[in-house]
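# Architecture and fold: a report
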Amino acid sequence: MSYVKALTIAGSDSGGGAGIQADLKTFQELDVYGTSAITALTAQNTLGVQGVYPASPEALKAQISSVMSDIGADAVKTGMLFDEERIKIVADFASKEDFPPLIVDPVMIATSGDQLLEEKAEKALIKKLFPHAALITPNIPEAEALTGKKAGTLQTRKEIMRDLISFGAEAVLLKGGHEEGTDWITDILYDGAAFHYYHVPKLDTPHTHGTGCTYSAAITAYMAKGKALHDAVYSSKAFIHLALSEARSAGEGAGPVYHAA
Ligand code: PLP
């Protein structure tokens, strides 16, 4: 018997709350064997990002090759990709015929305001990587940046999701957590055929660091285990809601979401 496996291609968060660290913890909690290819090191804590140190293109390629040529993966996710060159490297791997389902979390700017993807790389994300994605998971600011449209009403949200699907991903999950002035969060999944809605009460906590990474890692883990997309999102929504409800401080700033079995 072998493990169910998932690979995360993302940035390292020295503070342990987001990026590779959040992904691997989530995989472990969901009983999936996690592997990693690091795109960049960040010097980071609960107060913000103090430094970004990209891994060389050779180092990124070699990590993905090492993992995929031996261990393999039942699903793969991407997080912080940093720039166009690194996006192209991932897209080259993803274009191979037998590459597993790819979940793309289009990480751009941390909640702390720090830039995790060069602005000029947004086009490469859309053109090179989205066509290989089984799912993309933008939050509202990311979806607005990618489409140039404001996500005010439900109607405009649907329009934005149709635009995002037209770039070639099989499905899009628009995460509503950044919405202001509401007691409820609504995430919407669109697979090109139907819209599925996930409502949860909004939790009043400053400790949200790593929410996006943990959510998309949970979806990746559930998909690696063979759950259908809709079920994987449903289970992951419950997972991230619990992680947020138990989140606490770790340093002076925004603490990480809770990780423990
Ligand atoms: N650092 C890294 C390496 C990340 O990948 C991410 C999120 O995707 C963040 C930081 C941002 O985390 P948050 O916005 O949840 O604080």
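These figures come from a predicted structure and were not determined experimentally.

## Brief notes about the overall build of the chain
Scanning the chain for helices and strands turns up 8 helices and 9 strands. Relative to a compact globule of 261 residues, whose C-alpha radius of gyration would be 18 Å, the chain shows 17 Å and is just as compact. Reported as C-alpha extents along the three principal axes, the dimensions of the chain are approximately 45 × 45 × 40 Å. For the chain, the residues scored as buried account for 48% of the 261 residues in total. Considering only residue pairs separated by 6 or more positions, the chain has 68% of its internal contacts joining residues 24 or more positions apart.

## Section: the UniProt feature "domain: Pyridoxamine kinase/Phosphomethylpyrimidine kinase" (unreviewed entry) in the chain
Here the UniProt-annotated "domain: Pyridoxamine kinase/Phosphomethylpyrimidine kinase" (unreviewed entry) positions come out as residues 13-257. Counting secondary structure, residues 13-257 comes out at 40% helix and 19% strand; the distance between its end C-alpha atoms is 14 Å.

## Details of the pairing of strand β8 (residues 184-190)
Relative to β8, strand β7 (residues 172-174) is paired through 3 bridges, and the arrangement is antiparallel. Across the sheet, the residue bridging to Leu174 is Ile188, located in β8. With 7 bridges joining them, β8 and strand β9 (residues 195-201) adopt antiparallel strand pairing. Bridge pairing in β9 places Trp184 opposite Pro201.

## What to know about the site of the ligand
In the vicinity of the ligand, 19 residues are found, and the nearest of them are Gly11, Ala18, Gly19, Ala110 and Thr111. Sorting the residues of the shell around the ligand by element identifies β1 (5-13), β2 (33-45) and α7 (211-224) as the ones contributing at least two each. Here the shell around the ligand is composed, by residue class, of 7 nonpolar, 11 polar and 1 charged.

## Quick look at the nonpolar core
Counting 75 residues, the largest nonpolar core has Ala133 and Leu135 as its most contacted members. If one sorts the elements of this core by residue count, α7 sits on top with 9 residues. Those residues in contact with Leu135, other than ones at most four positions away along the chain, are Ile103, Ala169, Glu170, Ala171, Leu173, Ile219 and Leu229.

## Comments concerning the packing of helix α2 (residues 57-71) against helix α3 (residues 84-94)
Close contact between α2 and α3 brings their axes to 10 Å; oriented N to C, the two are set at 25°. Taken together, the axes of α2 and α3 are roughly parallel relative to one another. Crossing angle aside, the handedness with which α2 passes α3 is right-handed. Here α2 contributes Pro57, Leu60, Lys61, Ile64 and Met68 to the contact with α3, which in turn contributes Glu85, Arg86, Ile89 and Phe93. For the contact of α2 with α3, a count of residues per class yields 6 nonpolar, no polar and 3 charged.

## Notes on the pairing of β2
Of the pairings in the sheet, the one linking β1 to β2 comprises 9 bridges and is parallel in character. When the sheet's bridge partners are listed, Ala10 is paired in β2 with Ile38. Regarding topology, helix α1 (residues 19-29) serves as the crossover connection from β1 to the parallel β2, and that connection is right-handed. Looking at chain direction, β2 and strand β3 (residues 48-54) are connected through 6 bridges and run antiparallel. Paired with Ala43 across the strands is Gly51, a residue of β3.

## Thoughts on helix α5 (residues 140-147)
Those residues of α5 lying buried are Glu142, Ala143, Leu146 and Thr147. Buried residues in α5, looked at end-on, bunch into an arc of 115°, giving them a common side. Directly after α5, the chain includes Gly148, whose backbone phi takes a positive value near 70°.

Rules and cut-offs
- Residues numbered from 1 in each chain as written.
- Predicted model: local features only at pLDDT ≥ 70, side-chain atom pairs only at ≥ 80, totals over all residues.
- Helix = DSSP H or I, 4+ residues; strand = E, 2+ residues; numbered from the N terminus.
- Rg over C-alpha atoms; globule rule 2.2 N^0.38 Å.
- Buried ≥ 20, exposed ≤ 12 C-beta atoms within 10 Å, placed from the backbone.
- Contact = placed C-beta atoms within 7 Å.
- UniProt positions renumbered as here; feature names shortened; annotations may be inferred.
- Pairing = 2+ DSSP bridges.
- Near = placed C-beta within 6 Å.
- Nonpolar A, V, L, I, M, F, W, Y, C, P; charged D, E, K, R; others polar.
- Core = buried A, V, L, I, M, F, W, Y, C linked by C-beta atoms within 7 Å.
- Axes fitted to C-alpha atoms, helices over the stretch in contact; angles between N-to-C directions.
- Parallel < 35°, antiparallel > 145°, perpendicular 65-115°, else oblique.
- Left-handed = near helix turned anticlockwise from the far one by under 90°.
- Right-handed = clockwise from strand over helix to strand, strands pointing away.
- Arc of directions from axis to C-beta.

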